[in-house]
Amino acid sequence: MALDTSPLALSGAGTARHLRGLMAELERESELVLERHSFGIRARAGVPIRDVGWYLAALPFLARNANVLHCPTFRAPVRCPVPLVVTFHDLAVLRRPEAFNAWTCRYSRALLPRVARAADRLIAVSEFTAQELVDLLRVPETKIRVIPNAVGRPFTPEGEAAEGEYVLAVSTLEPRKNLERLVEAFGRAELNGYELRVVGARGWGDVKIASGEQVRWLGEVSDDELARLYRGARCAAYVSLYEGFGLPVLEAMACGTAVVSSDLPTVREFGRGVITVDPADPDAIAAGLIAAVEKREELGRQGREAATAYSWSRVARETAEVYGELSE
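Note that the coordinates shown come from a computational prediction; the quantities given were computed from them, not determined experimentally.

Each value, and the rule that gives it
- All residue numbers refer to position in the chain's written sequence, counted from 1.
- Since the coordinates come from a predicted model, pLDDT governs what is reported: local features require at least 70, and pairs of side-chain atoms require 80 or more to be given and counted, while whole-chain, interface and lining totals use all residues.
- Hydrogens and water are ignored here; the side-chain numbers use all heavy atoms of the structure.
- By convention in these notes, a salt bridge is any Lys or Arg side-chain nitrogen within 4 Å of a carboxyl oxygen on Asp or Glu.
- Only protein chains enter the calculation, and the probe is 1.4 Å; a residue is then buried if its accessible area is under 20% of its type maximum, exposed if over 50%, and partly exposed in between.
- A run of DSSP states H or I qualifies as a helix once it reaches four residues; a run of E qualifies as a strand once it reaches two. Both are numbered from the N-terminal end.
- When checking whether two residues touch, look at their non-hydrogen atoms; a contact exists if any pair is within 4.5 Å.
- Strand pairing requires that DSSP identify at least two bridges connecting the strands.
- Only C-alpha atoms enter the line fits that serve as axes; for helices the fit covers just the stretch in contact. Angles between N-to-C directions range over 0 to 180 degrees.

Focus: the pattern of salt bridges
Here is step 1: This model, assessed by the stated rule, comprises 24 salt bridges.
Here is step 2: Two residues, Arg96 and Glu98, come together in a salt bridge whose shortest N-O distance is 3.5 Å.
Here is step 3: A relative accessible area of 26% places Arg96 in the partly exposed class.
Here is step 4: The salt bridge partner of Arg216 is Glu195, with a shortest N-O separation of 3.1 Å. With Arg216 in strand 9 (residues 215-219) and Glu195 in strand 8 (residues 195-199), this pair connects stretches of sequence that are 21 residues apart.
Here is step 5: On the accessibility criterion, Arg216 (34% relative accessible area) is partly exposed.
Here is step 6: Here Glu195 falls in the buried class, since its relative accessible area comes to 15%.

Pasting the structure below:
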């Protein structure tokens, strides 16, 4: 069983978190022997080389003796000598191309339809993303398996909580995450004595968080520190304009933190524990922040209960079943 682990080299965000969780559980609970392959250049300048040289040539060659090759993002071969599984976390690059750099847009327009055709199975992390595959890439529903993301330790209610009165936002600094509008809404909410703390790496699109008296950008933090921040927050805010899943929402729910989120199909799939708002309306976001702070205990309890359905053991088991479909 061959697995592309290249996403671990370039990002600590959602796709890398998914891959780490999946690998750990596959190794713990299955009899699979994972043959890991990774593109060696970590610098972002190497992305075009990775996208062309690695995925179109080197990776399928290295995996040629495996019974299945799994690529955990939509970057994958367009011809593969063994059965191919590709995980799609979203199709934001096709829905909102203005939020991505020129190379990613060109690559995606040219290669995503071919990747979708080449894959023997496509894993979608939500029902919404599965429908996006049908609508945008004309993928037959029979090729798609929906296996949601998951959350595990250290994202639990038990543990140390950060001090202070604050709202927490967790996302990469990029246009799609709508952080400028969140900062504006936080100011309008007039939560006296509160601070907006933003966790996330620099992305693209020249998005910056100007730290001041009430707003603080913390950059990237460890998972243990992130869980501590979730537990201590009066609420978490995630007002992205488009998501294929929304992992920070689920992480906050698992920690027992009230959540304000964009009213997106993926977030509605979680069920309870989230106040949803119009992400284009700062006043609506501000009202959501106030309501979440007021209903923190109730929302936190609902979120904890809903999050228990999303386990890495389930993800690993259902992913291994997909491999089994192709290697029998």
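Re the environment of Leu111
Here is step 1: As for its placement among the helices and strands, Leu111 is situated in helix 5 (residues 102-118).
Here is step 2: Each C-alpha atom, one on Leu111 and one on Asp51, is 9.7 Å from the other, the two residues being 60 residues apart in sequence.
Here is step 3: Among residues more than four places away in sequence, those in contact with Leu111 are Leu56 and Val78.

Remarks on the sheet that holds strand 1 (residues 2-4)
Here is step 1: Strands sit in the order 2-1-3-4-5-6 across an open sheet of six strands; the sheet is parallel. In the strand order of this sheet, the two ends are held by strand 2 (35-37) and strand 6 (144-146), each with one partner. Shown here is a sheet whose adjacent strand axes are inclined to one another by a mean of 20°, direction ignored.
Here is step 2: In this structure, strand 1 lies alongside strand 2, joined through three bridges in parallel fashion. When the bridges of strand 2 are listed, Asp4 appears paired with His37.

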